[in-house]
Each structure stands twice: as C-alpha cells, then as structure tokens.
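Structural characterization, general
Here is what each chain is made of, one letter per residue.
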Amino acid sequence: SGRGLTKVHGPTQELNDSALTALGIHRLEIPVPFIEAGGPANVYVIEDADGRYSLFDTGIGTPDGVAALRGQAAEKQLDLKKLSRIVVSHGHLDHFGNAQMLSEESGARVFIHDADVEKVTGDARFAALLRRHRAYFLRLGVPVETLDQMQAGADRQPNLVRHVERARLGPLHDGDVLQFKHFEVVVRHLPGHTPGLVCLHAERQRFFFADDHVLARVSPNPLLDLSQGEGKTKFRALSRYMEGAKWVRDLDLDAVLPGHGPAFRGHRELLDGLFAFYEQRQGKLLARLQQGPASIFELLPTLFPRREPGRLVLMLSEVLANVEVLEDQGRVTALEGEIVRYAPS
C-alpha cells in the first residue's frame, strides 16, 4: 500500500470504538502482511436503515485477512451476506482485497472513484507499469542494473488479491451523498495517496472517514503513480495531496476515522506537523541542489542515507514527489536530457 517510510507522531488523542458503535459503525481490524501499511487495515461496517449494512473498505484478501474479516464480523453478529453496497476508499489491496468475494456472496455492487478503477480491476499492476514505463525510470537516473532488480522484485511479488470484475463496479463521485441509519455523509474526492482516493464527511456529526488521507501514526506516502501517464498528464501525488490535506485541516471535526488504527481527534495539530515535515524534506533537497544539479536517483541519499532495494520504489516516490512540489512552487527547474536533472530556479 506504500505508506510508512516515516513515522509522524502528532499530538492526537485516540478515541474508543464504543462512540462509533452508538452511531451504527462497527470497526473490524484486518491484519496486513507488509510493515509499511502502518498496522492492520480498518473495515467499517455501517448500519443501514433497512437492516442491511454498507461497507467502507474490505481489508486484504489473504487467508489471514479473510479469517479476520469473517471472525470479527461473526463476533459482532454482523451478517456480511446482507450488504447493500461496498464502498472502496482507494485502489490499494489492503483496502479493496475482499471486494470481489463479498460482492459475490452478497450481490452488493462495489463503488469506487473512476481514477482508481484500473487498480481494482488489475489493469494497473505495478510490475506491468514498471515494464511499460521503463524509459521513465531511466530518465529519473535509475541505473539499468538497479531497474532490472526492481523489475525482478515486482515480477516476484505474490498476487495477494482477487481483482474486481468491471460488471460489479459502480461510480463514486465527489459530492455524492450516502445515507445510513444514523447519519449521512458526503463523498469527498481527495487525490494524493492515489489519484482516486475518496473520504466520507459526516458534517452534522463532525466526523470524517479519512482512510489513508490522514493517519495518526505514519505519513501517507505519495506514491509514484503512472496510471495517468507521464509528462504533463502525470499524477503529481504530493502536490495534489497537500491541496486536499489543507482542505481537511480547516474542517471542524470531533473524530477522524482512519484507514489504519483507532479513531482519533487532533487532526489540525497532526497535519501541521506533517506540513512542517514535508517543508523540512523540501529544504534538504533544495540545499543539496544548490551544490549542483542532480537526478531523482542521485537525490536519494539526501533523504535516505541507507538504500534498501525492497523499498526503492517508495524512496524514489518520496524524493520525486517533494521535488515536484518544489517545481510547482517555481523553486526548482528540470534540466531536460537523457537523464532529467534538477537545479534551483
């Protein structure tokens, strides 16, 4: 899922699940087999007025994930065959991995924002994107042998998910209103962590389903995402993320319900800490570029002194995303060539 290169501990206060249960929200914790996720993923089972349930996210479809989903639902006496709809926050497998199975068992449609459809249908698998966009990574300055190792690693990744059949999908748009038994929410499209990520805002009750847009324990990694192409159409993850995060910061909220970990309050202090953290990173990159032009690959040691082959994509993502913010602010310029290097403007 690609978070957790950096732990960001803000002054947040955890909230007890009993407050959620009173609103007909049942949180299930589904184990995730990769450390970068920042802990188990949350599945929110929400009571509908007609006795059925809506689901916000589904957890990962590993044997452990399926067992946890079924076991915790049974413990709380929640019948997952009585689903009216499955809403997926974004196209990462720890959030949509059980959607196909649950849709088959309940007949419920799976709603996701159009910009993340290819992720849940399997048409935007990273190994395939890496092969298709090999030249792009070479322009970032990644050496051929390193790129070959990245490709081999991506090809070896086990398939931990059943992708969702397109016929089961329904649309999810910014501004859509979803009604539940005890409250209603407005769907908010907040691209950044992925191009199609959505959150749910219960304005009257002052709470916010933030999935991976705002997390109490880790930074939502701005992943290098080529699903929308390269060049002018390329998705600029951190620039887009900052726009949405500033909007969330201004909300009056009593609780944030994240994609990982318990509900919490204190989102403004948390986000202020995150903004300061990114400014610091961008300052380090700018200081390095003042010593001479550098490619994204050459900038890696500025933020990550130890290069770990298994996390190279996350590290490249983080450096590129911060350089793109500097470029969007007019503080650095890309020097085009066989390898693109950046210099202060």
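Below, the structure is looked at part by part. (Residues numbered from 1 in each chain as written. Predicted model: local features only at pLDDT ≥ 70, side-chain atom pairs only at ≥ 80, totals over all residues. Heavy atoms only, no water.)

**What about the sheet that holds strand 7 (residues 169-171)?**
- A sheet is described by the order of its strands in space; here six strands give the open sequence 2-3-4-5-6-7, paired in mixed fashion. The open sheet terminates on both sides in strands that have one partner only, identified here as strand 2 (25-30) and strand 7. Going from strand to strand, the sheet's axes swing by 25° on average, the running direction of each strand aside.
- Two elements, strand 4 (residues 53-56) and strand 5 (residues 83-87), share four bridges in a ladder whose sense is parallel. Paired with Y53 across the bridge in strand 5 is L83.
- Sitting on the sheet, helix 2 (residues 63-75) touches strand 2 and strand 3 (41-47), and the angle it makes with strand 2 is about 150°.
- Strands in contact with helix 4 (residues 99-106) are strand 4, strand 5 and strand 6 (109-112); relative to strand 5, the strand with the most contacts, it is inclined by about 165°. (Pairing = 2+ DSSP bridges. Helix = DSSP H or I, 4+ residues; strand = E, 2+ residues; numbered from the N terminus. Axes fitted to C-alpha atoms, helices over the stretch in contact; angles between N-to-C directions. Contact = heavy atoms within 4.5 Å.)

**Observations regarding unusual backbone geometry**
- A positive phi is found at Q77, a non-glycine position, where the angle reads about 60°.
- Considering the arrangement of structural elements, one finds Q77 in the loop between helix 2 and strand 5.
- Q77 gets classed as exposed once you look at its relative accessible area, which sits at 72%.
- Positive phi is not limited to glycine here, since D211 has a value of about 30°.
- Note on placement: D211 falls in strand 11 (residues 207-211). (Buried < 20%, exposed > 50% of the residue type's maximum accessible area, 1.4 Å probe, protein only.)

**What about the pattern of salt bridges?**
- All told, the structure shown has 23 salt bridges when counted by the stated rule.
- The partner of R240 in a salt bridge is E243, and the shortest N-O contact between them spans 3.5 Å. With a gap of three residues between them, R240 and E243 both fall in helix 9 (residues 237-249), about one helical turn apart.
- A relative accessible area of 34% places R240 in the partly exposed class.
- Notably, a salt bridge pairs E298 with R341, separated by 2.8 Å at the nearest N-O pair. Here the residue E298 occupies a position in helix 11 (residues 296-303), and R341 occupies one in strand 15 (residues 341-344), the gap between them amounting to 43 residues.
- Its relative accessible area of 27% is what places R341 among the partly exposed residues.
- One network of salt bridges, with partners in common, ties together D17, R27 and E29. (Salt bridge = Lys/Arg side-chain N within 4 Å of Asp/Glu carboxyl O.)

**Topic: the pairing of strand 5**
- Burial analysis of strand 5 places four of its five residues in the buried class, which makes it a mostly covered element.
- With helix 2 bridging strand 4 and the parallel strand 5, this β-α-β connection has right-handed handedness.
- Inspection of the sheet shows strand 5 paired to strand 6 by three bridges, in the parallel sense. Paired with R85 across the strands is R109, a residue of strand 6. (Right-handed = clockwise from strand over helix to strand, strands pointing away.)

**Describing the environment of E14**
- Tracing the backbone through its elements, the reader meets E14 in strand 1 (residues 13-14).
- Between the C-alpha atoms of E14 and N159, which are 145 residues apart in sequence, the distance is 34 Å.
- If near-sequence neighbours (up to four positions away) are discounted, E14 is found in contact with R217, P262, A263 and F264.

**Topic: helix 11**
- Within the span of helix 11, buried status applies to I296, F297, L299, L300 and L303. End-on, the buried residues of helix 11 take up no more than an arc of 145°, which puts them together on one face.
- Looking at the packing, one finds that the buried side of helix 11 touches helix 8 (144-156), helix 10 (267-289), helix 12 (312-328) and strand 15. (Arc of directions from axis to C-beta.)

**Overview of the pairing of strand 10 (residues 198-202)**
- Counting buried positions along strand 10 gives five out of five residues, so the element sits mostly inside the fold.
- Side chains V198, L200 and A202 project from strand 10 onto one buried face, and the interleaved C199 and H201 project onto a second face that is buried too.
- Relative to strand 10, strand 9 (residues 184-189) is paired through four bridges, and the arrangement is antiparallel. Bridge pairing links V187 to L200 in strand 10.
- Here three bridges tie strand 10 to strand 11, and the two strands are oriented antiparallel to one another. Pairing of H201 across the sheet is with F208, part of strand 11.
- Linking strand 10 to strand 11, which pair antiparallel, is a turn of four residues; within it R206 sits at a positive phi near 60°.

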